[in-house]
Amino acid sequence: MGLTDGATCVSIGRSSEVARNILSHRKLAAASEPSRIHFGMANKTFIISAPGKVILHGEHAVVHGKVALAVSLNLKTYLRIQPCSDQKVQLNLPNINVHLNWKPAALQFLQSAIDVADVLNPKTANQIQMDQLRLFAGIPEGSTDTASISILCFLYLYSAISTSYGQIPSLDILVWSELPIGAGLGSSAAYCVCLAAALLSASGAITCPVPQEKDTTRWNEDELELINKWAFQGEKLIHGNPSGVDNAVGTWGGMLRYHAGKIVPLSSVPTLRILLTNTKVSRSTKVLVAGVKDKLNKLPSIIKPVLDSIDAISCECERVLAAIASGIAVDEHYRILEELIDINQHHLNVIGVGHPSLDRLCQLTATYGLHSKLTGAGGGGCGLTLLRPDTSPSMVEASKRTLKDLGYDCWETVIGGSGVSLHSPSSLHKDIFQLLCDVKNCQ
Ligand SMILES: Nc1ncnc2c1ncn2[C@@H]1O[C@H](COP(=O)(O)OP(=O)(O)OP(=O)(O)O)[C@@H](O)[C@H]1O
Ligand SMILES: C[C@@](O)(CCO)CC(=O)[O-]
Ligand SMILES: [Mg+2]
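What counts and how
- Note on numbering: residues in each chain are counted from 1, in written sequence order.
- The lettering of chains begins at A and the numbering of ligands begins at 1, in the order of writing.
- Where local features are concerned, this predicted model is filtered to residues with pLDDT of at least 70; where side-chain atom pairs are given and counted, the filter is 80 or more; whole-chain, interface and lining totals use all residues.
- Values shown for side chains rest on all heavy atoms present in the structure; no hydrogens or waters enter the calculation.
- A strand pair is defined by DSSP finding two or more bridges across the two strands.
- The secondary structure listing takes helices from DSSP runs of H or I that are at least 4 residues long and strands from runs of E that are at least 2 residues long, numbered from the N terminus.
- Residues are classed as near a molecule or strand on a simple rule: at least one heavy atom within 4 Å of it.
- Between N or O atoms, a polar contact is any pair within 3.5 Å; within protein, one atom must be a potential hydrogen donor and the other a potential acceptor, and residues adjacent in sequence are included only when both atoms are from side chains.
- Each accessible area value is a Shrake-Rupley result obtained with a 1.4 Å probe; residue values ignore everything except the protein chains displayed when judging cover.
- Three classes are used: nonpolar for Ala, Val, Leu, Ile, Met, Phe, Trp, Tyr, Cys and Pro, charged for Asp, Glu, Lys and Arg, and polar for all others, with Gly counted as polar.
- In this document the domain limits rely on a domain assignment from an automatic tool or a database.
- By the convention used here, residues are in contact when the closest approach between their heavy atoms is within 4.5 Å.
- Note on terms: buried area is the combined drop in 1.4 Å-probe accessible area of two parts once they are placed together, counting the loss on both.
- We define a salt bridge as a contact between a side-chain nitrogen of Lys or Arg and a carboxyl oxygen of Asp or Glu at a distance within 4 Å.
- To sort residues, take the accessible area from a 1.4 Å probe on protein chains only and compare it with the maximum for the residue type: under 20% means buried, over 50% means exposed, and anything in between is partly exposed.
- A cavity here means a set of 1 Å grid points, computed over protein atoms only, where a 1.4 Å probe fits but cannot escape. A pocket is an open set with protein on both sides within 12 Å along at least 5 of 7 lines, and lining residues have an atom within 4 Å of a point.
- Grid points are joined across faces, edges and corners, and a volume is the space filled by probe spheres set on the points.
- Between 30 and 60 degrees the pair is tilted, below 30 it is stacked and above 60 it is edge-to-face, where a pair is any two Phe, Tyr or Trp rings, Trp via its six-membered ring, whose centres lie within 6.5 Å.
- Here a helix's expected span is defined as the number of its residues, less one, multiplied by 1.5 Å.
- For every element, the axis is a line fit to its C-alpha atoms; helices are fit only across the contacting stretch, and the angle between N-to-C directions ranges from 0 to 180 degrees.
- For classification purposes, an angle smaller than 35 degrees is called roughly parallel, one larger than 145 roughly antiparallel, one from 65 to 115 roughly perpendicular, and anything else oblique.
- Each helix crossing is assigned a hand: it is left-handed if the near helix lies turned anticlockwise from the far helix by less than a right angle, otherwise right-handed if that turn is clockwise.

Inspection of the sheet shows strand β3 (residues 68–83) paired to strand β8 (residues 255–259) by four bridges, in the antiparallel sense. Within the sheet, the bridge partner assigned to valine 71 lies in β8 and is methionine 255. Relative to strand β9 (residues 262–265), β8 runs antiparallel, the two sharing four bridges. Bridge assignment links leucine 256 to a residue of β9, and that residue is proline 265. Here β8 folds back onto β9, and the loop between the two strands holds two residues, one of which, alanine 260, carries a positive phi near 50°.

Written out as structure tokens, the structure is:
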């Protein structure tokens, strides 16, 4: 079955604009209240958000059972979901210029392709199911482009969730992110968390806690567990072999210690000042994770101790953060944090996930006495630079200017916000709300 059997492809392509620039560059249409159509229990449009993340320490090692420390970002992915009166399932992904719709009858074919037993005890989306989804969407075998992966991920979660929990009504879904996509800040996990929350709500598997005017609500703990579990399934499709740390931060927010699937929120953490730099060198988490696995298989006695050392760095970092939060020898502990960043960056180069653009970031910030490492999967993408509480604004500005002169994006970030949430439209920043309304509503 191909694309013409139920899907209308309006356009598929890669937008050259980075997500963060959309708000400032785009001419926003006049605000219009989204139409109120029946969805689940309520007659409303819902807006869901999930944050991106920064990994302080433990990327890659966490895939091999080591500890990682990660924290949510104030940059988020937003999903608008509204019922569609026109008996269609619409998917709009404006960041990557994907606008598709399918007839529900055609999607029912997909549900019959999903093995319920496999879905109810999900390990991974198996190859036969993936081939069915790929054929359905008209995506050629072996396609690894952004649009194909994002569409497959949606179709997989849609089919598997409706097969497991109940028919999902006709709906119109739009996902837009202010995160740079494919740059190490957890855009894939935020995408999967938003989709899982929306589709589980639409299927009736979890409630839809309607937020008050100007308010935001969250799901209960059991529901968050379910959202996280399904987001992990989506991450598997995108990453191949994710650890689960990114979707855990997208679901719960805050700062987490993640170890072999065990998620522990860190309560005793200081307010950290972090400069984020996007080298704009594109890379794929899936490819980088697979590269580390190959190295580990080929040279276990050399790579395993490096991963053990990264594990020790995460543990030491957790201890030092708690000491700083208690006000103990703050200066001395900041020096240790800086040393841990330098050592880990060397380790990440050793396991093959560095990049000359990241080396330049580290060298350049070092000239200002600042310490940097890659964050996320590496191979380009983003790096973080630790700022001390007393790092002067002029020093920060000077380093930002120099990094921007290299063509990098650079900004001081706010970390530690909440995880997946449901928003009333009036609780959102005006520009974001307008942007979510601006893309054509379900016709
Ligand atoms: N807003 C979005 N719209 C559509 N697809 C998205 C969106 N955000 C992420 N994706 C999907 O996630 C993929 C990027 O995932 P990838 O894991 O390579 O990078 P990342 O998650 O940004 O970085 P990291 O995994 O290192 O934190 C994209 O190629 C796309 O398929
Ligand atoms: C590289 C990695 O460790 C972090 C990507 O943000 C992969 C993962 O944990 O799934
Ligand atoms: Mg990712």
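After that view of the structure, there is still more to cover.
Every one of the 23 residues lining ligand 1 counts as a neighbour, but Lys53, Ser150, Ser187, His239 and Arg283 are closest to it. A distance of 3.1 Å is found between an oxygen atom of ligand 1 and a backbone nitrogen or oxygen belonging to glycine 184. Backbone polar atom of glycine 186 to an oxygen atom of ligand 1: 2.8 Å apart, as the coordinates give it. Listed by contribution, the elements that provide at least two residues to the shell around ligand 1 are α5 (146–165), α6 (187–203) and α7 (221–239).

A few words now on the site of ligand 2. Around ligand 2, 14 residues are found, and the nearest of them are Lys53, His60, Pro242, Ser243 and Asp246. A distance of 2.5 Å separates an oxygen atom of ligand 2 from a polar atom in the side chain of lysine 53. One of the side-chain N or O atoms of serine 243 is found 2.6 Å from an oxygen atom in ligand 2. Here ligand 2 has 290 Å² of accessible area as a free molecule, and 98% of this is covered by the chains. Split into classes, the residues belonging to the shell around ligand 2 amount to seven nonpolar, four polar and three charged. Residue-level mapping places the shell around ligand 2 at the junction of two domains, with at least three residues from each of domain 1 (14–260 + 417–438) and domain 2 (273–413).

Bringing the domain arrangement of the protein chain into the picture now. Assigned domains of the protein chain: these are domain 1 (14–260 + 417–438) and domain 2 (273–413). Tallying the contact residues gives 30 residues for domain 1 and 38 residues for domain 2. A combined buried area of about 2800 Å² lies between domain 1 and domain 2, and 63% of that area is made up of carbon and sulfur atoms. Summed over the three residues of domain 1 that lose the most area to domain 2, namely His57, Glu59 and His60, the buried surface amounts to 24% of that side. Joining domain 1 to domain 2, the criterion identifies three salt bridges.

A word on the pattern of salt bridges. Scanning all chains against the criterion turns up 13 salt bridges. Between lysine 373 and glutamate 59 there is a salt bridge whose closest N-O contact spans 3.0 Å. With lysine 373 in strand β11 (residues 371–374) and glutamate 59 in the loop between β2 (46–57) and β3, this pair connects stretches of sequence that are 314 residues apart. Taking the relative accessible area as the measure of exposure, glutamate 59 reaches 2% and is therefore buried. The partner of lysine 400 in a salt bridge is glutamate 397, and the shortest N-O contact between them spans 3.4 Å. Taken together, the residues span about one helical turn, with lysine 400 and glutamate 397 both in helix α13 (residues 393–405) at a distance of three residues. Because the salt bridges share partners, they merge into one network encompassing Lys66, Lys304 and Asp308.

A few words on empty space enclosed by the protein. Under the definition given, this model contains one cavity of 30 Å³ or more. The space that makes up the largest cavity amounts to roughly 80 Å³. Elements with a contribution of two residues or more to the lining of the largest cavity: β2, α10 (300–325), α11 (330–350) and β12 (382–387). When grouped by side-chain class, the residues that make up the lining of the largest cavity number nine nonpolar, one polar and no charged.

Attention now moves to the packing of aromatic side chains. As enumerated under the stated definition, the model contains four aromatic pairs in all. With centroids separated by 6.2 Å and ring planes inclined at 20°, the aromatic side chains of tyrosine 78 and tryptophan 176 adopt a geometry described as stacked. In this pair, tyrosine 78 is assigned in strand β3 and tryptophan 176 in strand β6 (residues 171–177), connecting sequence segments 98 residues apart. Each of the two residues, tyrosine 78 as well as tryptophan 176, counts as buried. For the ring pair tryptophan 102 and phenylalanine 154, a centre distance of 5.8 Å and an interplane angle of 15° mean the geometry is stacked. With tryptophan 102 in strand β5 (residues 98–102) and phenylalanine 154 in helix α5, this residue pair connects regions lying 52 residues apart in the sequence. Taken as a pair, tryptophan 102 and phenylalanine 154 share a single burial class, namely buried.

Further remarks concern α13. For the α-helix, the turn length of 3.6 residues means that residues three or four positions removed from each other point alike. Taking 1.5 Å per residue, 13 residues should reach 18 Å; α13 reaches 18 Å between its end C-alpha atoms and fits that length. Looking at the packing, one finds that the buried side of α13 touches β10 (273–278), α12 (356–366), β12 and β13 (409–413). One or two steps after α13, the chain reaches glycine 407, where phi turns positive at roughly 95°.

Let us now look at the packing of α6 against α7. For the pair α6 and α7, the least separation of the axes is 8 Å and the interaxial angle reads 130°. With respect to their mutual orientation, α6 and α7 come out oblique. Note that α6 runs across α7; the crossing there is right-handed. The segment α6 lies against α7, with Ser188, Ala189, Tyr191, Cys192, Val193, Ala196, Ala197 and Leu200 engaging Leu226, Ile227, Trp230, Ala231, Gly234, Glu235, Ile238 and His239. Of the residues contributing to the contact of α6 with α7, the split by class is 12 nonpolar, three polar and one charged.

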